[in-house]
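# Per-entry structural report
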Amino acid sequence: MSTKTIAVLDDSELHDGQMKEVAFGEGKVLLSRLGDKIHATSAFCTHYGAPLAKGVLTSDARVVCPWHGACFNVCTGDIEDSPAPSALHSFKAHVSDGKIYVTANPAHALGNNKARQPTLLSSGTDSVGKGLIIVGGGAAAFHTVESLREHGYSLPITILSKETYTPIDRTKLSKALVVDPMKIEWKTAGEFKIKYGTTIRLGVEVTSLDLNKKEVILDGGKDTLGYDKLVLATGGTPRRLPVEGAQLENVYTFRGITDAQKVEAAAKEGKRLVVIGSSFISMEIVVAVSKKKLASIDVIGMESHPFEGVLGKEVGAGLQKYHESQGVKFHMETKVEKIIPQEGNPNLAGGVVVNGVTLPADFIVMGVGVVPTTEYVKGSGIALEKDGGIKVDKYLRVQSGPDQENIFAVGDIAVYPQVTGGYYRIEHWNVAGNHGRAIGKTISGTPQEFVKIPIFWSSQGQQLRYCGVGHDYDDIFISGDPEEMKFIAYYGRHGRIVAVASMQNDPVVSQASELLRLGLMPSLEEVRAGKSLLSVDISTTGIVNSAA
């Protein structure tokens, strides 16, 4: 279809630092004004379709999705931040006779056609040489490949993955129990090969590294591959509690498609579920199975309320009240004594013993965290931290071993320097994606410090959103009521806000992530006195540059 030029808005109705969603034929276009320049793009986020006009615009030309932190450049439509899997369409805009005109293909303004292939400076399809190897097939791998080709990396890329499927939207496993990888894969193996010049080898495991020879060893020596650059992106392995019965057949951990398939198959009407662990993965599974008419759902946690370690007691208590209203029973400040087998089948769990009482179970989900998957790194010369993570610098290069220039560690295994100080591992899917985007730029020749603010989300009756690094917060201020599932929680350290969580207050968390990035976050004292994060101007021309 040919392009059309349509008057969409009076020029006087769009001010500096403002966004508006406008009609374009049967579709929608997002207008953004920065100074005297007007930009036009697709109106919906390419991640899950959120209306971008309800997000956050910054004067350095970023539009941040109101839901999950995906970010785009409004001048070009290009991806700025994960979890955006695709770029936005960018359209021409001009002003004539007091009207804003947009020139676009009307089909590209439709919601179901909101995305475009990112602009790739190299496809790598005719490349030769050893190139780059990515160990791991998750979010970091996908975004690394996309960023490498966007920024002109032209050598071969190979992904080595234990999984039997290409990189998927892993968040949909615990949040929705999606069990078909084809429904949530970002790209097919064919698309990776044809569009990105990337070879994916599935069902293989890297078992050791020879960094002096620049080689990775597969499956205990069955194969060896050489590399010029190496990216370690192997994620985490779910923990199992060291208690009697933890290895029984129907005691499940949760990480991949196979785990989701097992839980989905077990969660039938009338069955009894016991969940060990009361943080995000565990409680997302509780939500996912809550409509399946189970006979009972029991949750065992060590803290006084679910989510307490991250969100605090008051928010945790509010979320607990919601889940209890849905029939979930909590056994908090409790440790598992043992898991006992069924009377008729010693291979299957029949209950969990806590405080001398047996909670009956037809299946059990153990959601007690993950450990970095780094066993294959041992003996390579790269030092592992106490928890198994790998310490990296601000460019995500490893900080130990014989080659600290050409090896990167990203995602759940990376212990990286935080903008707010200190080194932490952050086990957020979104962080892994943004790690990949950062190293793609660095490896391509433009060093990119990693300064992204962690963002995550969780469906808990309402959408919970969180940004920042609040590990050791020492103060909290809550506006609203967690029991009503409508609040903003501000987490402070030494008077500075270091993290923000919210329910039913979009786009506060998106705004907070940008305020943290820009160093413009108000103090906890100011927020207590009534200052709204949304009142801080980060959209008007010059604001961001002056902050920098």
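You'll find the structure just up there.
Cut-off values and rules
- Residues numbered from 1 in each chain as written.
- Predicted model: local features only at pLDDT ≥ 70, side-chain atom pairs only at ≥ 80, totals over all residues.
- Heavy atoms only, no water.
- Core = buried A, V, L, I, M, F, W, Y, C linked by side-chain atoms within 4.5 Å.
- Buried < 20%, exposed > 50% of the residue type's maximum accessible area, 1.4 Å probe, protein only.
- Contact = heavy atoms within 4.5 Å.
- Pairing = 2+ DSSP bridges.
- Helix = DSSP H or I, 4+ residues; strand = E, 2+ residues; numbered from the N terminus.
- Axes fitted to C-alpha atoms, helices over the stretch in contact; angles between N-to-C directions.
- Salt bridge = Lys/Arg side-chain N within 4 Å of Asp/Glu carboxyl O.
- Phe/Tyr/Trp six-rings, centres within 6.5 Å; stacked < 30°, edge-to-face > 60°.
- Disulfide = S-S within 2.5 Å.
- Parallel < 35°, antiparallel > 145°, perpendicular 65-115°, else oblique.
- Left-handed = near helix turned anticlockwise from the far one by under 90°.
- Nonpolar A, V, L, I, M, F, W, Y, C, P; charged D, E, K, R; others polar.

### What to know about the nonpolar core
By size, the foremost hydrophobic cluster in this structure holds 54 residues, and its most contacted members are Ile134, Leu209, Val216, Leu230, Val231, Leu232 and Ile390. Among all residues touching Leu232, those that are not within four sequence positions of it are Val135, Leu209, Tyr376, Val377, Ile382, Ile390, Ile407, Phe408, Ala409, Val410 and Ile413.

### Notes on the pairing of strand S10 (residues 90-96)
Bridge count between strand S4 (residues 37-42) and S10: 2 bridges; the pairing is antiparallel. Looking at the pairing, Thr41 lines up with Ser90 of S10. Two strands pair when backbone bridges link them, and S10 and strand S11 (residues 99-104) are joined in this way by 5 bridges, in the antiparallel orientation. In the sheet register, Ser96 faces S11, and the bridge partner there is Lys99. Here S10 hands over to S11 after 2 residues, with Asp97 in that stretch at a positive phi of 50°.

### Brief notes about unusual backbone geometry
Omega for the bond connecting Ser82 with Pro83 falls within 30 degrees of zero, at 10°, which places this linkage in the cis form. Its place among the elements puts Pro83 in the loop between strand S8 (79-81) and strand S9 (87-88). Between Asp506 and the following residue, Pro507, the backbone shows a cis peptide bond with an omega angle of 5°. Inspection of the secondary structure puts Pro507 in the loop between strand S38 (496-503) and helix H9 (508-518). Despite not being glycine, Met485 has its phi angle at roughly 60°, a positive value.

### A word on the sheet that holds strand S19 (residues 229-232)
If you walk across this open sheet you meet the 5 strands as S15-S14-S13-S19-S31, and the pairing is parallel. Of all strands in the sheet, those with a lone pairing partner are strand S15 (198-202) and strand S31 (407-409), marking the two edges. Taken pair by pair, the neighbouring strands of this sheet meet at an average axis angle of 15°, ignoring direction. As paired strands, strand S13 (residues 132-135) and S19 are joined by 4 bridges and run parallel to one another.

### Some remarks on the sheet that holds S8
In spatial order, the strands read S5-S6-S7-S8; together these 4 strands make up an open sheet with antiparallel pairing. At either end of the open sheet lies a strand with only one pairing partner, and these are strand S5 (56-57) and S8. When S5 meets strand S6 (residues 62-64), the two strands line up antiparallel, connected through 2 bridges. When the bridges of S6 are listed, Leu57 appears paired with Val63. Contacting S5 and S6, H9 crosses the sheet at an angle of about 140° to S6.

### Some remarks on the pattern of salt bridges
A full pass over the atoms with the stated rule returns 26 salt bridges. For Arg272, the salt bridge goes to Asp362, with nearest N and O atoms at 3.1 Å. In this pair, Arg272 is assigned in strand S22 (residues 272-276) and Asp362 in the loop between strand S27 (357-360) and strand S28 (363-366), connecting sequence segments 90 residues apart. Exposure remark for Arg272: the relative accessible area of 30% places this residue in the partly exposed category. With relative accessibility at 23%, the residue Asp362 sits in the partly exposed group. One salt bridge in this structure joins Glu375 and Lys378, with 3.2 Å as the shortest N-O distance. Each member of the pair, Glu375 as well as Lys378, is classed as exposed. Residues participating in the shared-partner salt-bridge network are Asp60, Arg62, Glu80, Asp81, Lys452, Glu514 and Arg517.

### Digging into the environment of Gly277
Locating Gly277 in the fold gives a position in the loop between S22 and helix H5 (280-289). Residue class for Gly277 comes out buried when judged on its relative accessible area of 11%. C-alpha of Gly277 to C-alpha of Val365: the two residues are 88 residues apart in sequence and 8.5 Å apart in space. Sequence-distant contacts of Gly277, defined by excluding residues within four places in its chain, comprise Ser282, Val299, Ile300, Gly367 and Val368.

### Focus: the packing of aromatic side chains
Taken as a whole and judged by the stated rule, the model has 12 aromatic pairs. Where Tyr416 meets Phe450, the ring centres are 5.3 Å apart and the plane angle is 85°; that geometry is what we call edge-to-face. Here the residue Tyr416 occupies a position in strand S32 (residues 414-417), and Phe450 occupies one in the loop between helix H8 (429-443) and strand S34 (455-460), the gap between them amounting to 34 residues. Residues Phe477 and Tyr490 carry aromatic rings whose centres are separated by 5.9 Å and whose planes lie at 20° to one another, so their mutual orientation is stacked. Of the two residues, Phe477 sits in strand S36 (residues 475-481) while Tyr490 sits in strand S37 (residues 486-493), which places them 13 residues apart along the sequence.

### Observations regarding helix H4 (residues 257-266)
Among the residues of H4, those classed as buried are Ile257, Asp259, Ala260, Val263 and Ala266. On the buried face of H4, the contacting elements are helix H2 (171-176), strand S21 (251-252), H5 and S28.

### Quick word on the state of the cysteines
Applying the stated criterion to the full structure yields 0 disulfides. In this model Cys65 remains outside any disulfide bridge; the closest cysteine sulfur is found in Cys45, 3.9 Å from its own. Of all cysteine sulfurs in the structure, the one in Cys71 sits closest to Cys467, which takes part in no disulfide; the separation is 13 Å.

### Quick look at the packing of helix H1 (residues 139-150) against H8
Interaxial distance between H1 and H8 falls to 7 Å at its minimum, and their mutual angle equals 30°. Between H1 and H8, the angle falls in the class roughly parallel. For the element pair H1 and H8, the recorded crossing hand is right-handed. Packed against H1, whose contacting residues are Ala139, Ala140, His143, Thr144, Glu146, Ser147, Leu148 and Glu150, the element H8 presents Trp429, Ala432, Gly433, Gly436, Arg437, Ile439, Gly440, Lys441 and Ile443 at the interface. Here the residues of the contact of H1 with H8 sort into 7 nonpolar, 6 polar and 4 charged.

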